[in-house]
Amino acid sequence: MATKNAIEDVAHNEKSRLSGEMQSLGKICNIEHKMCSNSGESSNGGLDPEPPSIPKRRQELLKWNGWGYKDSKFFVNKDGHVEFTGERYRISGSTMPGLRDWMTKTIGISLDQKTPSQPEISAANIPLPVKNESFVADLRKTSISNSDDCQDRLFRAHGHTLHEIFLLREGKFDRIPDLVIWPASHDEVVKVVELACKHNVVVIPFGGGTSVSNALECPLEEKRMIVSLDTSQMNRILWVDEKNMTMRAECGIIGQDLERKLAERGLCTGHEPDSMEFSSLGGWVATRASGMKKNIYGNIEDLLVHVKMVTPRGVMEKNCQVPRMSCGPDIHHFILGSEGTLGVVTEVTLKVRPLPPCKKYGSIVFPDFECGVKCMREVAKQRCAPASIRLMDNEQFQFGHALKVESKSILTNFLDGLKKLYITKLKGFDPMKLAVATLLFEGTKEEVAAKEKRVYEIAAMFRGIPGGADNGERGYMLTFVIAYLRDIAFDYYVVAESFETSVPWDRCLDLCQNVKERLHRECKDNGIQFPPYITCRVTQTYDSGACVYFYFAFNYRGISNPVHLYEHIETCGREEILANGGSISHHHGVGKIRKQWLRKTIGDIGLGTLQAVKQYIDPNNIFGNNNLMIGQNFGGVVQQEAANVLLPSKL
Amino acid sequence: MAEQSRNSWISKDDPKLVSSRQKDMFEDILEERKLNSDLRYCFKTRDEPKFKLNKARTPAQIKEHVLNSDRVQYAIEQACMETKLPKSDVTAEACAILDEMAHNLRMGAVRSFAFGLIKIFKALYQRIYVNVDGIQKIRGMVKEYPILLMPSHRSYMDFLLMSYVFYHYDLPLPVIAAAMDFLGMQFVGWLLRNSGAFYIRRSFGDDHLYWAVFTEYVQTQICNGDAPIEFYVEGTRSRTSKSYTPKFGMLSAALEPYFKSHIPDIMVVPVSISYDRILEESLYAYELLGVPKPKESTSGLLKARKILEEDFGNIHIYFGEPISIRKYSEGLVDRSLHNLAPRYIASLTNQEQDLIKKLGHHMILTHQKHMVVSPWSMMAAVLMQSQGGISLRQLAKEVEWVKRQASNMGAYIDWPASESAETVLRANIKLHHNIVRVAEDDVVELVRVAPPAHAKATDALMITAGQHLMLSLYRNHILHVFVRPAMIAISVNTCNEEKLTLDDLYNKYSFLEQLLSKDFVFVPGHTKDDFELSLRTLTHTSGVVLEENEVVIGKSTNKLTTFYSQMFEPFLLGYWILCQYLLSNHPSVAGKPLAKTQKILVKEAQMMTARLLQEGVVKHYEVLSLDMMNNGLHALYHMGGVSKERRDGSVYMYPNTRQLSNITDQLAKFIDVPRLPSVSINLHSKTVTVNAKL
């Protein structure tokens, strides 16, 4: 019964046109039957034995004022060492003996100077919901799950920018969603959007809530009712098609679930953004996400075969799932990166690949960052990049080193000592200058071996020497752990954030140097008394350029408004990035935090085009989250200056 | 123990006993050298701060980098396509350019160089003052930023001094953009090269390969912060002791790495070097008259060594506030405009070129602001206006008065507080004994001395003019202090009405500014601000009386305005004579005035002036200055009074009669113009014929 239901559901969603073909495809498999159950409150399609890994009441599992699971966090144990709790991660239950010293030395943390978070924000400090009674009445008729509980609403009022987390820890929100709705299927989304249009209610889609662009922030001046459309209950894989190596899933499925379930069938999408534990498929599409292993699997736009988006005008989708077509501008590109301004992504078809049999970490030690960048460039040129290759600067390498878990084995410690001796004494690398590239190889054993050989050969051309798998793995750990680390930093007067960009190769090195330099300079000029922690890594390579990722943290003891100051300095950093030929964002998106540079980035005509699309699809601004092109004044004068650059030089 | 009764806190109560080793913000760096061993000094270990992003390189590695750079490789490629020469030939040419250009800074050479310098400095100068706080700032900057040093340029001594000061304070020695002149000197050329001089051609117009090598050579050293880079924004030594208008080629090349985001920032340091007495004074004076400067040669240098017996007084070196180019350009340039092409190909944007112009002018004005005004330059200003001689006491009175005015204008005046005015004056007259002397009845007068050997001037007129021009050099040193209020004063003084509206006054002011814009430095677009500030200054010093937005002429013509007017009269008179020459003594062909090169125009105008001087029609000898004529001609060109055209690659000029007549008429309102006899000039026979006697 349930199976049939689900099949009908799919068939219906695909407007029946696929069903005939699907049955003829022997290997198409509807895996819904594995996960059917009835959770009671879901009205339809939620017949799922395995509940979504993230519950509707997210706060029961996840921190309300920080990153990740409640059970997982750093803390200073009774010996005064930093330890990680829980059992979810490899470092859970371990102490990192180097970390405390690193924190005190590098950013001037003092263990006696704490700034704990405020206790949970109580109902009294949460704004009352705006109620559009007729909408609520119509919604009630549909029996689509919803809630106006203040904690539910608060949880969906923010992403994870420094500003938002700091507000949770220290302040309050003036505008949050008025209602949370959990549609369980595409059809329910269609219904919700219809009702929203009918009653002029704002819809802000919410996926994993890991945004770092203020995209989820509710516009303060919005007087209409705001509905947060939480997609977390739409988490089914609808089908897997091994003939075409594609799979279709609902938008709310989160990265780790998707990969785990595909792995049961020996497959994967290979899309692994650093937030994959929490971020959702729909969110990836709506923000133009990028995965760590994009060198093999591609970024989200490369993986995307088909997507369905519910807009105020109706459902936007293509009628076929072809590898490529020449049919005017690709409408997928209106959806990719639309950041919830045009509609809700409901279903997505992605490419899948067989799970790689072999997976291997590695690392290369370079005498300095410049050699490393040159090597990365060469690897990109020869198009032999492994699944992932990242170059950490010296500061980040040292940081990674501080994260080393306590080793119980004397042998390991001995070997580490030998390795260090070899690199610093025999090779003459300055430990305060060297840079480390971390590598992740995937494929068959032979492929991995061949690629390893080639990459290490190129590295040798740039004085790079293999640094072992451990260093590599720890480098990747850093990226997952960094968000948890920020929470403990908060406890000790430190504000921290990351930001990223993409840049052509010829400007990569200058950009890294100049942006770091600019941040240091601004810290000094703004009276920050402790040395800031500023580090970068070249985190992705492309044919014509790279993606650069910055971490920036400072100790704000003695400063009255740290977030404001942080934002000012990050703004300076972004200005510097743009002046250095970098972009507004490689994968975090624009949201509201980077809107000020959108016009400059895409020009008046570009911005006007986006606004025209918005005007057609959503004339009443139902998807009024105020991201991207929304609300930007149009009609500026076209800049004359730009033509200048194209003049031939004196050469 | 007679001192017992006195306050034990005071150790020297006689001001004469207090040395002037330290003075305001300055300290003398020469005295300790006079007391200690030079040899040990030259071998002292140096603890130089280094730029933090620097990667140590040898001069040879710098050259290698330049040759392999994208920019030079691209230029070579382009040159191959243009000239159809094989790549190896063009590359060889690039190598040759580089070899000619590159410095070879080596510590060994620097030490022996320093040894020699000290000997020379000790012989020539009493004290070399440096503002220590400026040095401290630079010390702090060296680690953090690439540094551009932009000294004022009034003597060859400038760059020796700069290197010496940096050596003295354990700062990294600057590399210096020098003109090719020295390269001809054996040994000296080599020594300078090894002490950090690199040589650039004075003009390389369309030579793209040269431009590329030069640009890359400068830029790579800035990006890597190998050493502070020193160059002269005025382009060449000022022969007149006035600031020259800024040149922008080198400045653009040096700042481009910031605009193209190769580096986070560059610090620009203006340096003002003021001399009590300029080494080249008589050379300059005769050069201004048209006697070419002797070619630099080592033997010439040796011959000049008797100069070591002379006293050249003090030097003041003031390091101005370093300017961060990033902060200076904030909001004014958009560096991302360079994102769309490889950085070695695209040129600078208009925004950036405007900014460079602004900065160049700013540098010159900063130089002027920090120039130290010596008593002698004020004396010169008075003496220039009292050609018949003046008594020492009267001179002292006048100088005292000028001093007060200059100080009100914000000039820094170097006046020993513990001496009487007369002592100061006499000391300065002694220092400049080759120009003036005190005659028996305490009258100060110009002396007649033989011109330098190379000048071959026998003409009495030339000799007198030489003395006058030498004196004018020192007066010129303070003209920048007065020029803006003077333009108001002149307008007021020559007004025939009872009242003058501010609008009319401003119009007159801007006209004068245009005329004077090559002889003096004005920031383009700042006319109104300058005008208002100067007017305020003048009203506050009660030179000018305003009533209901009108100047009351009667009350406003007083000593102050008269003094200012007279100070600048020679310039206006010079321009007027130039105009007259262009208008009435210029042959035309079928109505179109004959075009001549600038050189000939200027020379002929000078010949006419000479004749007028001989006839006694004009009295200001400095009008003979070719520099003044050149500047006038340029200003006229910018005002539309003269046109240019290119013939055979060189520039020919001719007057635009109508426009020029207008300018001349307007100009005549500002000065008492003499009645001119009609003269005709023949350059080839070097004769000026006066057709009708007055």
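Numbers given to residues run from 1 along each chain, matching the order in which its sequence is written. Numbering of ligands from 1 and lettering of chains from A proceed in the order in which they are written. Only residues with pLDDT of at least 70 get local features here, since the model is predicted, and only at 80 or more are side-chain atom pairs given and counted; chain-wide, interface and lining totals rely on the full set of residues. Computation of side-chain values: all heavy atoms of the structure, hydrogens and water removed.

### Digging into empty space enclosed by the protein
Residue and element names in this part refer to chain A. Points on a 1 Å grid, built from protein atoms alone, make a cavity when a 1.4 Å probe fits but cannot get out and make a pocket when they are open with protein on both sides within 12 Å along at least 5 of 7 lines; residues with an atom within 4 Å of a point are the lining residues. Grid points are joined across faces, edges and corners, and a volume is the space filled by probe spheres set on the points. Under the defined criterion, the tally for this structure stands at 12 cavities of 30 Å³ or more. Along the wall of the second largest cavity there are 14 residues; nearest its centre are Leu 62, Gly 68, Phe 155, His 160 and Gly 208. For this scheme, ten residues count as nonpolar: Ala, Val, Leu, Ile, Met, Phe, Trp, Tyr, Cys and Pro. Four count as charged, namely Asp, Glu, Lys and Arg, and the remainder, Gly too, count as polar. Here the residues of the lining of the second largest cavity sort into five nonpolar, seven polar and two charged.

### Describing the pattern of salt bridges
Residue and element names in this part refer to chain B. Take a side-chain nitrogen of Lys or Arg and a carboxyl oxygen of Asp or Glu: if they are within 4 Å of each other, that pair is a salt bridge. The tally for this structure, following the rule as stated, stands at 82 salt bridges over all chains. Salt-bridge contacts for Arg 46 lead to Glu 48; the nearest nitrogen and oxygen are separated by 3.0 Å. Under the scheme applied here, a residue whose accessible area is under 20% of the maximum for its type counts as buried, over 50% as exposed, and between as partly exposed, the area being computed with a 1.4 Å probe on protein chains only. Assessed through its relative accessible area of 15%, Arg 46 is described here as buried. Its salt-bridge partner being Arg 46, residue Asp 170 comes within 3.6 Å of it at the nearest N-O pair.

### Regarding the UniProt feature "active site" (unreviewed entry) in chain A
Residue and element names in this part refer to chain A. What UniProt calls "active site" (unreviewed entry) maps, in this numbering, to Tyr 549. By definition, any uninterrupted DSSP run of H or I lasting at least four residues is a helix, any uninterrupted run of E lasting at least two residues is a strand, and each is numbered from the N terminus. Tracing the sequence through the fold places Tyr 549 in strand S21 (residues 545-555). Relative accessible area serves as the criterion here: at 10%, Tyr 549 is assigned to the buried category. Here, two residues are considered to be in contact whenever any of their heavy atoms come within 4.5 Å of each other. Not counting residues within four places of it along the chain, the set of residues in contact with Tyr 549 comprises Ser 498, Phe 499, Glu 500, Thr 535, Cys 536, Arg 537, Thr 539, His 587 and His 588. UniProt positions are given in the numbering used here, feature names are shortened, and annotations may be inferred rather than shown by experiment.

### Some words on the pairing of strand S6 (residues 197-200) of chain B
Residue and element names in this part refer to chain B. Because side chains alternate across S6, one face comprises the buried residues Ala 197 and Tyr 199, and the other comprises Phe 198 and Ile 200, equally buried. At least two bridges found by DSSP between two strands are what make those strands a pair. For strand S5 (residues 175-179) and S6, the ladder comprises four bridges, and the chain directions are parallel. Residue Ala 177 lies in a different strand from S6, and its bridge partner there is Phe 198.

### A closer look at the packing of aromatic side chains
Two rings from Phe, Tyr or Trp (for Trp, the six-membered ring) form a pair when their centres sit within 6.5 Å of each other. Planes less than 30 degrees apart are called stacked, planes more than 60 degrees apart edge-to-face, and all others tilted. Using the criterion set out here, one finds 42 aromatic pairs over all chains in the structure. When the ring of Tyr506(B) is compared with that of Phe531(B), the centres are 5.1 Å apart and the planes differ by 65°; the resulting orientation is edge-to-face. Within this pair, whereas Tyr506(B) is found in helix H20 (residues 502-516), its partner Phe531(B) is found in helix H21 (residues 527-540), the two being separated by 25 residues in sequence. Take Tyr506(B) and Phe531(B): they sit in the same class, and that class is buried. Taking 5.9 Å as the distance between ring centres and 15° as the angle between the ring planes, the aromatic pair formed by Phe511(B) and Phe670(B) counts as stacked. Taken together, the residues span a long stretch of sequence, with Phe511(B) in helix H20 and Phe670(B) in the loop between helix H26 (657-668) and strand S24 (679-682) at a distance of 159 residues. For the residue pair Phe511(B) and Phe670(B), the accessibility class agrees, reading buried in each case. Pairwise contacts between aromatic rings join Tyr41(B), Phe121(B), Tyr125(B), Tyr164(B), Tyr167(B) and Phe312(B) into one cluster. Criterion for a charge above a ring: Lys NZ or Arg CZ within 6 Å of the ring centre, and within 35 degrees of the ring normal. Against the face of Phe369(A) rests Lys516(A), its NZ or CZ located 5.7 Å from the ring centre. Here the basic side chain of Lys358(B) rests over the ring of Tyr328(B), its NZ or CZ set 4.9 Å away from the ring centre.

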